[in-house]
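# Structural overview
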Amino acid sequence: MSDINKSIKKLICYGIEKGLIDPLDVTYCTNRVLEVLGADDYEEPSESFENVQLDETLDELLGYAVEKGLCEDSIVYRDLFDTKLMGCITPPPSVVAKEIWGDYKNSPERATDSFYKFSCDTNYIRRGRIARDVRWKTDTEYGELDITINLSKPEKDPKAIAAAKNAKQSGYPKCMLCRECEGYAGRVNYPARQNHRIAPITICGEDWGFQYSPYVYYNEHCIVFNKKHTPMVIDKSAFEKLLEIVGVLPHYFVGSNADLPIVGGSILAHEHFQGGRYVFPMERAEVETPLVFRGYEDIEAGIVKWAMSVIRIKGKDPARLTELADKILRSWRVYTDEQAFIYAETEGEPHNTITPIARRRGGDYELDLVLRNNITTAEHPLGVYHPHAELHHIKKENIGLIEVMGLAVLPSRLKQELEQLAEAMVSGRDIRKDEVLSKHADWAEDILARRSVNKENVRDILREETGRVFATVLEHAGVYKRDDDGRRAFIRFIDAVNDID
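Residues numbered from 1 in each chain as written. Predicted model: local features only at pLDDT ≥ 70, side-chain atom pairs only at ≥ 80, totals over all residues. Heavy atoms only, no water.

### With respect to the overall build of the protein chain
On a plain count of helices and strands, the protein chain comes out with 16 helices and 15 strands. Against the compact-globule benchmark of 23 Å for 501 residues, the protein chain has a radius of gyration of 25 Å, which places it among compact chains. Each principal axis of the C-alpha atoms in the protein chain carries an extent, and together these give about 80 × 60 × 40 Å. Among the 501 residues that make up the protein chain, the fraction classed as buried is 54%. (Helix = DSSP H or I, 4+ residues; strand = E, 2+ residues; numbered from the N terminus. Rg over C-alpha atoms; globule rule 2.2 N^0.38 Å. Buried < 20%, exposed > 50% of the residue type's maximum accessible area, 1.4 Å probe, protein only.)

### Describing empty space enclosed by the protein
Applying the stated rule across the entire model yields one cavity of 30 Å³ or more. What the largest cavity holds in volume is close to 90 Å³. The wall of the largest cavity is formed by Ile100, Trp101, Tyr104, Ala111, Thr112, Phe115, Ala199, Ile201, Phe210 and Leu249. Of all the secondary structure elements, the ones that give two or more residues to the lining of the largest cavity are helix 5 (93-106), helix 6 (108-121) and strand 3 (199-203). Looking at the lining of the largest cavity residue by residue, the classes come out as nine nonpolar, one polar and no charged. (1 Å grid on protein atoms, 1.4 Å probe; cavity = no way out; pocket = protein on both sides within 12 Å on 5 of 7 lines; lining within 4 Å. Points joined across faces, edges and corners; volume = space filled by probe spheres on them. Nonpolar A, V, L, I, M, F, W, Y, C, P; charged D, E, K, R; others polar.)

### Re the pattern of salt bridges
Tallied over the full model, the rule gives 48 salt bridges. Put simply, Glu47 and Lys6 hold a salt bridge, and the shortest N to O gap is 3.6 Å. Residue Glu47 is found in the loop between helix 2 (26-37) and helix 3 (54-67), and its partner Lys6 is found in helix 1 (residues 2-17); the two are separated by 41 residues along the sequence. Put simply, Arg361 and Glu366 hold a salt bridge, and the shortest N to O gap is 2.8 Å. Among the residues examined, Arg361 registers a relative accessible area of 30% and is labelled partly exposed. Judged by relative accessible area, Glu366 falls into the buried class, the value being 2%. Several salt bridges share partner residues, and in doing so they unite Glu283, Arg312, Arg359, Arg361, Glu366 and Asp368 into one network. (Salt bridge = Lys/Arg side-chain N within 4 Å of Asp/Glu carboxyl O.)

### Some points on the sheet that holds strand 6 (residues 253-255)
Taken in spatial order, the 10 strands make up an open sheet running 3-4-5-7-6-13-14-10-9-8, and their pairing is antiparallel. The outermost strands of the open sheet, each flanked by one partner alone, are strand 3 and strand 8 (287-291). The average undirected angle you get between the axes of adjacent strands in this sheet is 25°. Sitting on the sheet, helix 6 is in contact with strand 3 and strand 4 (206-212), with an inclination near 60° to strand 4. Docked against the sheet, helix 9 (residues 236-248) engages strand 3, strand 4, strand 5 (222-226), strand 6, strand 7 (272-276), strand 13 (352-361) and strand 14 (364-373), running at close to 20° with respect to strand 13. (Pairing = 2+ DSSP bridges. Axes fitted to C-alpha atoms, helices over the stretch in contact; angles between N-to-C directions. Contact = heavy atoms within 4.5 Å.)

### Thoughts on the pairing of strand 13
Of all 10 residues in strand 13, eight are buried, a share of seventy percent or more. Relative to strand 13, strand 6 runs antiparallel, the two sharing two bridges. Of the residues in strand 13, the one forming a bridge with Val254 is Ala358. Here 10 bridges tie strand 13 to strand 14, and the two strands are oriented antiparallel to one another. Across the sheet, Ala358 pairs through a bridge with Leu367, a residue of strand 14. Connecting the antiparallel pair strand 13 and strand 14 is a turn made up of two residues, with Gly362 showing a positive phi of about 65°.

### Section: the pairing of strand 14
Of all 10 residues in strand 14, 10 are buried, a share of seventy percent or more. The side-chain alternation of strand 14 yields two buried faces, one formed by Asp364, Glu366, Asp368, Val370 and Arg372 and the other by Tyr365, Leu367, Leu369, Leu371 and Asn373. Where strand 10 (residues 310-315) meets strand 14, six bridges bridge the pair, whose relative direction is antiparallel. Each bridged residue has a counterpart across the sheet, and for Gly315 the counterpart in strand 14 is Tyr365.

### Here's the deal with unusual backbone geometry
Residue Pro173 is reached from Tyr172 by a cis peptide bond, and omega for that bond is -15°. Relative to the helices and strands, Pro173 is located in the loop between helix 8 (158-166) and strand 3. Backbone geometry at Cys204 places phi at a positive 50°, although glycine is not the residue there. Relative to the helices and strands, Cys204 resides in the loop between strand 3 and strand 4. For Cys204, a relative accessible area of 33% translates into the label partly exposed. Despite not being glycine, Glu220 has its phi angle at roughly 55°, a positive value. Looking at the secondary structure, you find Glu220 in the loop between strand 4 and strand 5. The class for Glu220 is buried, based on a relative accessible area of 7%.

### Thoughts on the sheet that holds strand 2 (residues 143-149)
Taken together, the three strands give an open sheet; going across it, the order is 1-2-15, and neighbouring strands pair in mixed fashion. What marks the edges here is a single partner per strand, and that holds for strand 1 (134-140) and strand 15 (407-410). On average, each strand axis in the sheet is inclined to that of its neighbour by 25°, with strand direction left out of account. Where strand 1 meets strand 2, seven bridges bridge the pair, whose relative direction is antiparallel. Bridging from a neighbouring strand, Trp136 pairs with Ile147 of strand 2. The strands touched by helix 13 (residues 413-427) are strand 1, strand 2 and strand 15; relative to strand 2, the strand with the most contacts, the crossing angle is about 105°. Of the strands in this sheet, strand 1, strand 2 and strand 15 are in contact with helix 15 (residues 458-477), which crosses strand 1 at around 70°.

### Topic: the nonpolar core
With 96 residues, the main nonpolar core has Ile89, Phe210, Phe293, Ile311, Ile313, Tyr480 and Phe493 as its most contacted residues. Those residues in contact with Ile311 that sit more than four places away from it in its chain are Leu291, Phe293, Gly302, Ile328, Leu367, Asp368, Leu369, Leu371, Phe490, Phe493 and Ile494. Within the second largest apolar cluster, 52 residues are counted, among which are Ile147, Phe253, Leu401 and Ala441. (Core = buried A, V, L, I, M, F, W, Y, C linked by side-chain atoms within 4.5 Å.)

None of this, on its own, says anything about what the molecule does.
In structure tokens form, the structure reads like this:
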């Protein structure tokens with residue numbers, strides 16, 4: 001038991017070192033850990049531990065748990081178990097909330113800095129896994145785009161998949177964003193959240209929550225969500241909420257996924273926004289066509305030089321921005337332009353919506369309104385304004401808020417596939433005969449026809465070409481194409497907005 005005693009004390013020392021455990025709570029927290037480990041005996045080691053490596057310590061404790069039959073040796077079960085251990089040293093929600101808002105009185109930056117660090121220190125954000133993500137930038141006509149291959153979500157093993165399939169279905173919590181996730185023990189088909197804490201925040205007079213995403217697609221990736229399980233809706237109140245949030249957290253951007261399938265996010269059943277401290281490529285993009293909206297001459301407006309169709313409005317009064325954004329949204333909801341293949345609805349199904357993003361720029365408030373349409377056809381059954389079939393070898397999934405702003409979240413399969421493709425392209429192997437790589441064959445042949453590829457440069461070339469595919473993905477998602485016909489059609493919509501009183 002001596003080795004496990006050392007591991008237990010290391011976890012407690014880690015908690016003290018990170019400010020998770022008050023010295024008065026050491027015995028209490030130690031007993032909580034012993035309870036989880038099913039241990040009746042404990043002799044505290046005499047040595048103290050500093051600069052404790054959390055992943056290493058948890059692995060030691062997990063090894064003990066597996067040996068004693070407390071935990072199956074599978075990533076899903078290990079995650080459930082080590083989160084239970086971290087819950088033993090995570091302060092209760094009331095203590096965390098008091099500290100966050102105490103820090104906020106000093107500055108909003110101090111509040112988010114400390115809460116983000118806390119979310120990492122509790123292992124709710126697993127730093128080691130985030131570090132595995134593959135990231136690079138690609139120059140395009142829209143500026144540098146951010147490309148990521150996401151590896152931080154654990155892959156379930158077959159045994160866990162089978163167990164999840166046979167597990168009893170539960171409606172608690174209702175979804176991954178519900179407040180009931182805070183402290184939840186989890187199950188084989190639902191992640192444990194004993195180490196998860198939510199900061200309470202009031203938005204437009206309603207109770208909301210502020211938390212960080214455990215997968216951190218970009219710096220300080222946060223989620224702001226309605227504490228009621230209520231569906232996503234893009235309307236005037238959504239603009240009011242977004243602008244109020246960046247008033248409370250002026251160093252963060254915040255945006256919303258659209259509220260329709262195909263062009264929306266993965267969770268449409270629960271109202272939420274995503275934000276963070278990160279400058280996305282779209283934010284860096286300049287206005288290329290200035291606009292004037294009648295009755296809103298005090299609002300600076302324009303079409304952004306971007307792969308998708310973006311109207312940017314900026315001003316000092318958030319109420320005025322909200323009014324104009326609402327007018328644009330209401331106009332877009334009912335707008336049809338058959339010449340441009342824009343249909344507000346077909347057979348009673350609505351198609352037009354907006355992906356909005358709010359930020360502060362100096363003393364001004366700024367909204368980017370990205371026009372979206374989710375119409376499908378026989379030729380494009382997944383969506384006309386969605387990555388077309390020839391791009392699915394790289395990106396088939398919906399284009400949500402994060403991608404709209406210029407950060408590609410690509411599937412984990414690409415890490416291995418691009419490496420294998422690089423070897424095949426250099427060796428001259430027949431890619432079309434490879435079961436895994438054949439989907440990339442047309443793309444690879446096109447690259448080889450245009451570029452001089454060798455062992456030294458092939459990986460850099462593939463990264464660059466992947467970034468260019470993502471730029472095309474965004475162009476496909478844009479409702480107005482970046483040619484003369486598309487520009488004229490875009491202006492027809494702006495004229496339609498100005499024609500409305």
